[in-house]
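Listed below, chain by chain, are the residues.
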Amino acid sequence: MAKAGNEDSNRGRAVAPAAAKQDLIGTALAPSMFAALLSRLFNWSRSGVGPRLLAAVLLFSSVVTLTLTALQLYLDYDREVGLIETRLDEIGRSTTGSLGESLWNLDQNQLKLQLDGILRLPDIRAAEVREIADRPNPIRLAIGEPSTRSVVTRDYPLNTNVQGTAREIGVLHVEATLTDVYQHLLNRALVILASQAAKTFLVSLFIIYMFHLLVTRHLVAIADFVSKYSLARPPPPLRLERRPPYDADELDKVIDAFNAMCANLQRAYGELREANANLERDLKVRRRAEEDARASEERFRDYAETASDWFWETGPDHRFTYISDRAGAFSMDNKALIGKRRTDAASGCDAEPEKWRAHMAMLDRHEPFRKFEYRGRDTTGRMHHFSVNGQPVFAADGSFMGYRGSATDLTEQHETEERLRQSQKMDAIGQLTGGVAHDFNNVLTVITGTIEIIQEGLADKPEFAAIAQLIDDAAARGAEITSQLLTFARRQPLEPREIDVNALVIETAKLLRPILGAHIEIVTRLADDAWSAMADPSQLSSAIVNLAVNARDAMPGGGKLTIETANRELDDTDAAGDGDAMRGAFVMVAVADTGHGIPADIREHVFEPFFTTKGVGRGTGLGLSMVYGFAKQTGGTVAVESEEGRGTVMRLFLPRSKGEAPARTAPVQALDTARGHETILVVEDDPLVQGYVIARLGSLGYRTLVAGDGASALALVDQGAKFDLLFTDIIMPGGMNGRELADAVRLRRPGARVLYTSGYTDDAIVHGGHLDPGVALLRKPYRKSELSQKIREVLAGEPPA
């Protein structure tokens, strides 16, 4: 029993067969060449159905082959290891007794012979005997070459009987190698794998060939047929190049189904082509109809929009139900008008009750109407003139549904007509004023000149001198009214120059204090950077005085008058007081008061001549007209802003001067009577004026030559008459005016000095409202001091080129 136990324990010391088996299988399954082969096969298998099939067969065959080979090698390994273990067991049974006896007898030679016999057994690599004794140098005898890997070891106890008792005296250690077993198994695995690989490859090639012969080439033919198939030009039915079997196989069924599908596609294509042709014809007809309808609609819209500005519709109650969006282009809020009647949107219905009553009666009779005109305001408050046309709309049963029509904005036309009427009125006033001014100023010239002579003779008779002064004042008043009429009609010759507006306003404000009275507070607000303006300073000063006097009359109980200057850049969107658009740089002079304001119903008439709200005898109605005419003739405009009970602001816009050195206005100095001794050629058609001029020039020391018209004056020149100055009226009979006479004289007498005089120039020496450069003019009526001073200025000036 003890021996059996020792044998079991010795068996436990042998190398585990399972570990050796795993080492063998790992060595057989993981060669690098096999892994590379699998990788190449995997990559090649992606190129088509055949390679994929071959790869699948090879992979499956390889797995099967490897599994079977591993099983076979395991069985062989188990058998070989079993033989080695059996041999080791046999050594233990047959040699331990004799070895124990030899060891007990300490016979080392016998021990060596016995160990050599054990070493000669197959697969035994080493054997060793070790003595177990309590003495120095116990026997230890070993033969062979021991190893630490791939071995099976056994230890057997060596016993001897001493007095009937078994006694262990040593140990037999035997090692058997597995190297030969592994080499044998490896050779067998290589043979099996090589033979199976060759068989698998050949079988796979055969399968691939048969698959190509039976399936793949026909699939390629089918794919080529499908890729080149055209419904427009269909090819013949598909036929495969193969020997027909006795019974149709799967490919034949596929081909028949495919040819049937192609036939069905061909029929469907033919039907589709026919349907497309019909659809294309229908689309052409529909497209033509739509184009005709669109062209008709566009034609109607063009006609309608050309004939009108927007469309409208009303219901049976005559309230708007629709207004086209184009009304917004005329600042009309079409959405706000929905639900309202035309009378609700119109202005001034009360002023024309009969007209609106007749229109509403026509609507109630459901009659068409054309060119019904009325006025209304847009969203900005601007007044518009509208002309509407309407047509009644009836349902199929004859019931009245409302009106449908168009509207046209006539505002621009009305404004153009109003400007034309205003221009015609201005021309008429200008013609009338010019004719009146020419004759009236001639009369006033004689009256003022005669009054001066009378006043000189009545210096010692105060009662008669007062009467003469009244006549003189009346004559001056008449001259002022004539000048205002000419200014309003834009016929007053201006002498514009660059002026410092701030300086002129300051000088004018000094003159206003005694005129307006102590109950009026005068305030000036002048812009520090005010531009210079291009205007006639005397006319501008008169305009400011007129505006200030009007402001005083609007403040009978006293108040504040503010004169302001500022720079303004106006564009086309800025409207002037008369509705005209202004653009450019302007200097603004504003005169504001705190008076009772101007009522809205007369605000549009304040610039009309002879229009006044003052009582009889309190005004001529020419003050604002003069300001308006002066501003327009200068190239500017006037704007009025007023509200009842809150005062009025009059803004005068003057064109900015392009120069940099504005002339500063100086207070008017009293003129001295200057005398002379030169000869003056006087050309005057009015006998009264002619006599007055000759007498006045004679009293001043001048010699005179006299002619009644241009032809007589030229005759004197041609006769060699000597003179130093041509003093000629401008408007004369005989077909030659003063300017033409002066030009003719200068052709004969280059450098001759000329002084014009007139109560109305008639564009002879005035163009664009301004005196021509180098022209000297003495306006009628004039006084003795003005005559003498102007003559000396012309005689002392540079002679004309």
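Residues numbered from 1 in each chain as written. Predicted model: local features only at pLDDT ≥ 70, side-chain atom pairs only at ≥ 80, totals over all residues. Heavy atoms only, no water.

A. Main features of the pairing of strand β8 (residues 383-394). Looking at chain direction, strand β7 (residues 369-377) and β8 are connected through 7 bridges and run antiparallel. The partner of tyrosine 374 across the bridge, within β8, is phenylalanine 386. Taking the residues that link successive antiparallel strands as the turn, the β7-β8 hairpin has 5 residues, and the phi of glycine 381 there is positive, at about 90°. Sheet topology places β8 next to strand β9 (residues 400-409); 9 bridges connect them, and they run antiparallel. Within the sheet, the bridge partner assigned to phenylalanine 394 lies in β9 and is phenylalanine 400. The loop that links β8 with its antiparallel partner β9 comprises 5 residues; one of these, glycine 398, has a positive phi angle of about 90°. (Pairing = 2+ DSSP bridges. Helix = DSSP H or I, 4+ residues; strand = E, 2+ residues; numbered from the N terminus.)

B. Just a nonpolar patch on the surface, in detail. On the surface, Phe60, Val64 and Leu68 cluster together into a nonpolar patch covering about 310 Å² of accessible area. One can find leucine 68 in helix α4 (residues 49-104). Taking relative accessible area as the criterion, leucine 68 reaches 54% and is therefore assigned exposed. (Patch = residues over 30% accessible without salt bridge, like charges linked within 9 Å, V, L, I, M, F, W, Y side chains within 5 Å. Areas by Shrake-Rupley, 256 points an atom, 1.4 Å probe, with all protein chains shown as cover. Salt bridge = Lys/Arg side-chain N within 4 Å of Asp/Glu carboxyl O. Buried < 20%, exposed > 50% of the residue type's maximum accessible area, 1.4 Å probe, protein only.)

C. Geometry of the pattern of salt bridges. Counted according to the given criterion, the structure contains 24 salt bridges. One salt bridge connects arginine 79 with glutamate 80, and the closest N-O pair in it is separated by 3.9 Å. By relative accessible area, which is 44% here, arginine 79 ends up partly exposed. In this structure, glutamate 313 and arginine 404 form a salt bridge, with 3.2 Å as the shortest nitrogen-oxygen distance. Highlighted residues: glutamate 313 in strand β5 (residues 310-314) and arginine 404 in strand β9, separated in sequence by 91 residues.

D. How the structure looks around the packing of helix α16 (residues 687-699) against helix α19 (residues 784-796). For the pair α16 and α19, the least separation of the axes is 11 Å and the interaxial angle reads 70°. One element, α16, and the other, α19, form an angle in the roughly perpendicular class. The chirality of how α16 crosses α19 is right-handed. Between α16 and α19, the contacting residues are Tyr692, Arg696, Leu697 and Ser699 on the first element and Lys784, Leu787 and Ile791 on the second. Here the contact of α16 with α19 is built from residues that sort into 4 nonpolar, 1 polar and 2 charged. (Axes fitted to C-alpha atoms, helices over the stretch in contact; angles between N-to-C directions. Parallel < 35°, antiparallel > 145°, perpendicular 65-115°, else oblique. Left-handed = near helix turned anticlockwise from the far one by under 90°. Contact = heavy atoms within 4.5 Å. Nonpolar A, V, L, I, M, F, W, Y, C, P; charged D, E, K, R; others polar.)

E. Molecular detail of the sheet that holds strand β18 (residues 703-707). The 5 strands are arranged β18-β17-β19-β20-β23 in an open sheet whose pairing can be described as parallel. A single partner strand is all that each edge strand has here, and the edge strands are β18 and β23 (777-779). Within the sheet, the average angular offset between the axes of one strand and its neighbour, ignoring direction, is 20°. Judged from the 4 bridges that link them, strand β17 (residues 679-683) and strand β19 (residues 725-729) form a sheet pairing that is parallel. Within β19, the residue paired with valine 682 across the bridge is phenylalanine 727. Sheet strands touched by helix α17 (residues 710-718): β17 and β18. Its angle to β17, the strand with the most contacts, is close to 150°. On the sheet, helix α18 (residues 738-748) packs against β17, β19 and β20 (753-758) and is oriented at approximately 155° with respect to β19.

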